[in-house]
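Observations on the three-dimensional arrangement
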Amino acid sequence: MTKLLPSESDILYRLADTLESRLPQNGGDPSSSYSAKLLARGPDAFLKKIGEEATELVMAAKDNAADRIVYEMADLWFHSLVALAHYKLRPEDVLRELARREGTSGLAEKAARNEAK
Ligand SMILES: N=c1c2ncn([C@@H]3O[C@H](COP(=O)(O)OP(=O)(O)OP(=O)(O)O)[C@@H](O)[C@H]3O)c2ncn1[C@@H]1O[C@H](COP(=O)(O)O)[C@@H](O)[C@H]1O
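Thresholds, definitions, all that
- Note that residues are indexed from 1 along each chain, following the sequence as it is written.
- Owing to the predicted nature of the model, reporting of local features is limited to residues with pLDDT of at least 70; listing and counting of side-chain atom pairs is limited to 80 or more, with chain, interface and lining totals taken over all residues.
- Every helix listed is a DSSP run of H or I at least four residues long, and every strand listed is a run of E at least two residues long, numbered separately from the N terminus.
- For this measure, only C-alpha atoms enter the radius of gyration; the expected value for a globule follows 2.2 Å times N^0.38, where N is the number of residues.
- Labels follow a simple rule on C-beta atoms placed from the backbone: if 20 or more others lie within 10 Å of a residue's own, it is buried; if 12 or fewer, it is exposed; otherwise it is partly exposed.
- Whether two residues are in contact is decided by their C-beta atoms, placed from the backbone, lying within 7 Å.
- Only the C-beta atom matters for this test: placed from the backbone, it must lie within 6 Å of a molecule or strand for the residue to be near it.
- Confidence scores here are pLDDT values: one per residue, from the predictor, ranging 0 to 100.
- Note on definitions: a nonpolar core is a set of buried residues drawn from Ala, Val, Leu, Ile, Met, Phe, Trp, Tyr and Cys, linked by C-beta atoms within 7 Å.
- With axes taken as lines fitted to C-alpha atoms, and helix axes fitted only over the stretch in contact, angles between N-to-C directions fall between 0 and 180 degrees.
- Orientation categories follow fixed angle ranges, with anything under 35 degrees roughly parallel, anything over 145 roughly antiparallel, 65 to 115 roughly perpendicular, and all other angles oblique.
- By definition, turning the near helix anticlockwise from the far helix through less than a right angle yields a left-handed crossing, and turning it clockwise yields a right-handed one.
- Residues are grouped as follows: nonpolar covers Ala, Val, Leu, Ile, Met, Phe, Trp, Tyr, Cys and Pro; charged covers Asp, Glu, Lys and Arg; every other residue, Gly included, is treated as polar.

Turning our eyes to something else, we now look at the overall build of the chain. Secondary structure summary: the chain contains 7 helices and 0 strands in total. Listing each helix as α and each strand as β along the chain from the N terminus yields α-α-α-α-α-α-α. Expected size for 117 residues packed as a compact globule is a radius of gyration near 13 Å; at 17 Å, the chain overshoots this value by more than 25%. Each principal axis of the C-alpha distribution contributes one length, and for the chain these read about 50 × 35 × 30 Å. Relative to its 117 residues, the chain shows a buried fraction of 12%. Partitioning the contacts of the chain with sequence separation of at least 6, the portion at a separation of at least 24 is 44%.

Here's what the structure looks like:
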């Protein structure tokens, strides 16, 4: 795997900044911005897109089509970032949660959850 360029490695944060600026309360203009339009329409609009993009990703994966998997995953991540912006969350919040989970097997985590019930 080739190393990411600096402009690639911080794209999640730059995109999150851009999406924040597209929120209706920050003056996002639906006539000139796709994400402002989506955010102005509210959760039903961007949550529907997340569902569609997830389905397209599944279809690409079922076809074992690497290029399409990357493309559809990018669409899914993008629309998920739109949702994060609406809910005043940041990619850093998700990365922090993944880092917190690091080293805990999903099997161990599930067993601990079932024990607590
Ligand atoms: N990364 C993206 C990005 N990925 C996907 N998309 C858009 O997401 C949509 C994907 O939906 P579909 O594939 O279903 O295409 P569609 O049929 O045209 O979509 P709908 O009309 O059904 O919503 C397309 O319009 C894509 O252009 C994106 N639009 C914007 N960005 C980033 O967001 C920034 C801000 O964009 P604006 O808000 O438009 O200024 C851009 O500079 C980019 O960095």
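Time to look at the site of the ligand. The full set of residues close to the ligand is L15, T18, R22, S33, Y34, S35, A36, D75 and F78. Residue assignment for the shell around the ligand shows that the elements contributing at least two residues are α2 (11-21), α3 (34-41) and α5 (66-86). For the shell around the ligand, the element with the most residues is α3, which contributes 3 residues.

Let us look at the confidence of the model for the chain. The pLDDT averaged across the chain works out to 96; a share of 100% of its residues lies at or above 70. Complex prediction metrics read pTM 0.94 and ipTM 0.93.

It is worth spelling out the nonpolar core at this point. Nonpolar side chains tend to gather and get buried jointly when the protein is soluble and globular. Of all hydrophobic cores here, the largest spans 8 residues; its members are L19, A36, L38, L39, F46, L81, V82 and A85. Those elements giving two or more residues to this core turn out to be α3 and α5. Beyond its immediate chain neighbours, meaning those up to four positions away, A36 contacts R22, G28, D29 and P30.

What follows concerns unusual backbone geometry. Phi is positive for N64, close to 55°, though the residue is something other than glycine. Note that N64 resides in the loop between α4 (43-62) and α5. A positive phi angle, near 60°, is found at K88, a position not held by glycine. Mapped onto the elements of the fold, K88 is located in the loop between α5 and α6 (91-101).

With that settled, the discussion passes to the packing of α3 against α5. Contact geometry for α3 and α5: axes closest at 11 Å, N-to-C directions at 55°. Here α3 is positioned oblique relative to α5, judged by the angle of their axes. The two elements α3 and α5 cross, and the hand of that crossing is right-handed. Residues S35, L38 and L39 of α3 lie in contact with α5, whose contacting residues are V82, A85 and H86. Of the residues in the contact of α3 with α5, the class split is 4 nonpolar, 2 polar and no charged.

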